[in-house]
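Remarks on the overall topology
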Amino acid sequence: MPFTKNQIITLEIEALSNDGNGVAHKDGQAVFVPLTAPGDVAEVRIVKPMKTYAFGRVEKLLTAGPGRVRQDCPVAGPCGGCGLRHISYEAECAAKTQFVRDAFARLGKLDVPVPDVLGSPDTDRYRNKVQLPVGTDENGHIVTGFFAGRSHRIVACTDCKLQPAWMNELAARACALLEENGITAYNEETHTGRVRHLYMRQGWHSGQRLLCFVVNGNGLPNEAEICATLQKEFALTTILVNRNSERTNVILGRRTRTVLGPGVIEDTLAGVPLRMGVHEFYQVNTPAAEVLYAKAREYAGLKPDDFLLDLYCGMGTIGLSMLADCKRLVGVEVVPQAVEGAKETAARLGLDADRADFRCQDAGAAAAQLAAEGARPDVIVVDPPRKGCDEATLTAIAEMAPRTVVMVSCNAATAARDAKWLTEHGYKAVEVQPVDLFPRTKHVETVVLLSHKKADSYIHIDVEFGEGEGKIPVDSIAKRAEAYKPKEKVTYKMIKEYIEAKYGFKVHTAYIAEVKRNLGLPMYDAPNAVEELKQPRKHPTPEKVEAIKDALRYFAVI
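Residues numbered from 1 in each chain as written. Predicted model: local features only at pLDDT ≥ 70, side-chain atom pairs only at ≥ 80, totals over all residues. Heavy atoms only, no water.

1. Some details on the pattern of salt bridges
This model, assessed by the stated rule, comprises 22 salt bridges. Lysine 96 is the partner of glutamate 92 in a salt bridge, and the nearest nitrogen-oxygen pair spans 2.7 Å. Placement of the pair is glutamate 92 and lysine 96 together in helix α2 (residues 89-107), with a separation of four residues, close to one helical turn. Residue classification places glutamate 92 among the buried positions, given a relative accessible area of 0%. Owing to a relative accessible area of 0%, lysine 96 belongs among the buried residues under this scheme. With a shortest N-O distance of 2.8 Å, glutamate 266 and arginine 275 are connected by a salt bridge. According to the relative accessible area criterion, arginine 275 is partly exposed, its value standing at 35%. Three or more residues joined by partner-sharing salt bridges are found here, namely Glu92, Lys96, Asp436 and Arg440. (Salt bridge = Lys/Arg side-chain N within 4 Å of Asp/Glu carboxyl O. Helix = DSSP H or I, 4+ residues; strand = E, 2+ residues; numbered from the N terminus. Buried < 20%, exposed > 50% of the residue type's maximum accessible area, 1.4 Å probe, protein only.)

2. Some words on the sheet that holds strand β1 (residues 8-12)
Read across the sheet, six strands follow the order β1-β5-β6-β4-β3-β2 without closing on themselves; strand pairing throughout is mixed. Two strands close off the open sheet at either side, each with one partner strand: β1 and β2 (15-16). Two strands pair when backbone bridges link them, and strand β4 (residues 29-33) and strand β6 (residues 53-63) are joined in this way by three bridges, in the parallel orientation. Residue pairing for β6: alanine 30 is matched across the bridge by tyrosine 53. (Pairing = 2+ DSSP bridges.)

3. What about a positive patch on the surface?
A contiguous patch of positive charge on the surface is contributed by Lys48, Arg150, Arg386, Lys442 and Lys538. Of note, lysine 538 is situated in the loop between α14 (527-533) and α15 (542-554). (Patch = residues over 30% accessible without salt bridge, like charges linked within 9 Å, V, L, I, M, F, W, Y side chains within 5 Å. Areas by Shrake-Rupley, 256 points an atom, 1.4 Å probe, with all protein chains shown as cover. Lys, Arg positive; Asp, Glu negative; His and termini not counted. Charge placed at Lys NZ, Arg CZ, Asp CG, Glu CD.)

4. Notes on the layout of surface pockets
Approximately 210 Å³ is the volume attributed to the second largest pocket. What lines the second largest pocket is Arg243, Asn244, Ser245, Glu246, Thr248, Val250, Leu252, Gly253, Arg254 and Arg255. Of the residues in the lining of the second largest pocket, the class split is two nonpolar, four polar and four charged. (1 Å grid on protein atoms, 1.4 Å probe; cavity = no way out; pocket = protein on both sides within 12 Å on 5 of 7 lines; lining within 4 Å. Points joined across faces, edges and corners; volume = space filled by probe spheres on them. Nonpolar A, V, L, I, M, F, W, Y, C, P; charged D, E, K, R; others polar.)

5. Some details on the packing of aromatic side chains
Across all of its chains, the model carries three aromatic pairs by this definition. Plain terms: the ring middles of phenylalanine 32 and phenylalanine 55 are 5.7 Å apart, the flat faces sit at 35° to each other, and that makes the pair tilted. Of this pair, phenylalanine 32 sits in strand β4 while phenylalanine 55 sits in strand β6, and the two are 23 residues apart along the sequence. Accessibility expressed as a relative area gives 5% for phenylalanine 32, which makes it buried. Overall, phenylalanine 55 belongs to the partly exposed group, its relative accessible area being 23%. Summarising the aromatic geometry, the rings of tyrosine 53 and phenylalanine 55 are spaced 5.9 Å apart at their centres and angled 85° between planes, so their arrangement reads as edge-to-face. Residue tyrosine 53 is classed as buried on the basis of its relative accessible area of 13%. (Phe/Tyr/Trp six-rings, centres within 6.5 Å; stacked < 30°, edge-to-face > 60°.)

6. Considering the environment of tyrosine 554
Positionally, tyrosine 554 belongs in helix α15. Spatially, the C-alpha atom of tyrosine 554 lies 9.2 Å from that of isoleucine 495, the residues being 59 residues apart in sequence. If sequence neighbours within four positions are ignored, tyrosine 554 has contacts with Leu107, Arg417, Lys420 and Tyr498. (Contact = heavy atoms within 4.5 Å.)

7. Notes on helix α5 (residues 286-300)
The terminal C-alpha atoms of α5, which comprises 15 residues, lie 21 Å apart, in line with the 21 Å expected from a rise of 1.5 Å per residue. Residues of α5 that are buried include every one of Thr286, Pro287, Ala288, Ala289, Leu292, Tyr293, Lys295, Ala296, Tyr299 and Ala300, and no others. Buried-residue contacts for α5 involve β14 (265-269), α6 (317-322), β19 (379-382), β20 (404-409), β21 (427-435) and β22 (445-452). Sitting at the head of α5, asparagine 285 places a side-chain oxygen 3.3 Å from the backbone nitrogen of alanine 288. Positive phi shows up at glycine 301, right after α5, with a value of about 55°. (Expected span 1.5 Å × (residues − 1). Polar contact = N/O pair within 3.5 Å; in protein donor to acceptor, adjacent residues only side chain to side chain.)

8. Details of unusual backbone geometry
Located in the positive-phi region is asparagine 6, a residue other than glycine, with phi close to 75°. With respect to the element layout, asparagine 6 can be found in the segment before β1. For alanine 235, which is not glycine, the phi dihedral falls at a positive 50°. Note on placement: alanine 235 falls in the loop between α4 (223-234) and β12 (238-243). Judged by its relative accessible area of 55%, alanine 235 is exposed.

9. Things to note about the nonpolar core
Val195, Met200, Phe213, Leu230 and Phe358 are the most contacted members of the largest nonpolar core, which totals 86 residues. Here this core takes eight residues from helix α3 (residues 165-180), the largest share from any one element. The residues touching phenylalanine 213, leaving out its near neighbours within four places in the chain, are Leu178, Val195, His197, Leu198, Leu220, Ile226, Cys227, Leu230, Ile239, Leu240, Val241 and Asn242. Membership of the second largest hydrophobic core comes to 41 residues, among which are Leu110, Phe307, Ala375 and Cys389. (Core = buried A, V, L, I, M, F, W, Y, C linked by side-chain atoms within 4.5 Å.)

10. Here's the deal with the pairing of strand β11 (residues 209-215)
Most of β11 is tucked away, with six of its seven residues classed as buried. Across seven bridges, the pairing between strand β10 (residues 195-202) and β11 is antiparallel. If you follow histidine 197 over to β11, its bridge partner there is valine 214. Counting the residues that bridge the hairpin from β10 to β11 gives six residues, and of these glycine 207 lies at a positive phi of roughly 80°. For the crossover from β11 across α4 to β12, the handedness is right-handed. (Right-handed = clockwise from strand over helix to strand, strands pointing away.)

Any link to function would need more than the numbers given here.
So this is what it looks like as C-alpha cells:
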C-alpha cells in the first residue's frame, strides 16, 4: 500500500544510493532519505509518495549509525555540494566502493573485481578550481556561493571547506570592492547586472593563482584599480575578464582578455608541466588525480615499442604521463584551447609530432578515421565526459582492436554501459578501480581495465552440409542463426534502473510508455502504462524525456 504525504514512519537506513540519499525499506517499498547514514534509525516524514517508493526527510534522529559524524559546514545540506559531509570519510569510501560495484553488476551485468576505493590524500581544501555564481542577498549585498540542488538559487557561503582558504577570502573581498564601485551582480531572470561569476584556479604544486571575472558586458567600471588591489592583496599571478552576454547557464563566454599578468598559470600533474587559462579541462584534485594517473598507467602496461592512443585527452596529461613507457602517442580532443595547450607542452618537452601528435577532433570521428586508415594502437586510453563514449567511438575502438583499453570515467553508470559494450565486442573486463577525486561529495572516479580476448593461435576448419551444388558452409548457417536470434527483452524495470543509476532520479512507467508511444514504438508490453496515459496528468519534463531516450538507445530499442 502506498505511503501518504506527511505520514511519519520509523525507518532504519540500510545503505546509500548513488545520489547520496539513504535507502530504507518498509512494507516492500523503498524510501529515499537525504542526509542520513547507514545504521541511522529515524522518524521520517514522507514528503513525496509514489506508487512503489517514496522520498522522505528526517523529523527526528532516534539512533545515529556508526558512520555518522557532526556536520562542520552550516550550508552543507542546502548548497548541495557536500552531500556526504554528515558521514565519516571511512563510511564515505565504503559507500563509493559500493556505488561502483552496483553499477557494474546491475547495469553492466559484469562479474568483474572492484577493489576498495583509493582514497584522496586530502579530504578538505583540495579543489584547485572554483566557479562561484555572484548574486544579491535579501539585504541587497553582493554575495557568492553555490546553487542549491536542482535550482539557480544561490546559497551564500563564506567558507567552503572544499576549496583553499584564499579563494574564500578573495571572493569576500571582491564582493566588497564591487559594492564600493557600484557594480551590480547579474540577474539571470532580467538579464541585467554586470558580474556573473568569479572563476579562480590554483597551480597545486607551483602555488600560482588565477582570477577571472565573468561579466555581462565588456568589463568592469574602475577595472584596473579593482584588479590591482586584488592582485596585491592575494598575490595573484594573473587576472582575466571573460565576456558572457548570452542568456545561458553556460558559465564562460567565448572571449577572454588578460588584465594583469601572463594570462595563464603553470603547474605540473604527474610530472607533466602545464600552462592553463580558464577554458582547459584540468582535474580539480591534483594529488588524487596523480593517484588515478598512476593506476591508469599501471593498467596500460605499455611496452617500449607501443603506440598509445589517448581519446578525450584534454590537455594531454594522461598520455604524456605515460609517454616514457611507449614509442608514440596520439591524443584527440575537441576543445581547441586544450589541444593548443597539449601541443605547447609537447614542444616544451622537446617532442615532435612523430612522438606526440595532438589533434583537434571529435573523439568518435577521429577514432573512426584512424580505424579507416588502418591505425593499430596497442593501447587506447579514453577519458570521456559524464555521458560516456558514443557508439561510433566504441565501434572504432573495437575495429582497431588494441590489446588493452583503459577507461577513465567520472560516471560509473556510463562506464559500466561502455564496458559492457566492449565485452560484447571482443574484450574482457579485468578490473575496475574506484578512485576518490571528490571527497565529501557523492561523486567518484573510476578506472577500468579491459583486455582483448585474442587467442594464442588459430586453426581454420571449413565444414559444409549437403552434397554437390547444395552444399552450405556451416559459418553461413551460423550467421543466419545469429541474424534470427531473438533479442533480450528490455523491461521497464531495466530502463528505470539505468536512469536511476546514471541520472540520480526515478521515472514512472507511464513516462517511459509516453516517450515510446511518441517515438512510434510498440506498446503491447505495458498495457497498464498505456491505460494510464488516457488519464489527465503531468507529462515528463524535458530532462526525463532525454533520460528515457538515452536508456532506449542504450538498450538498442531505438
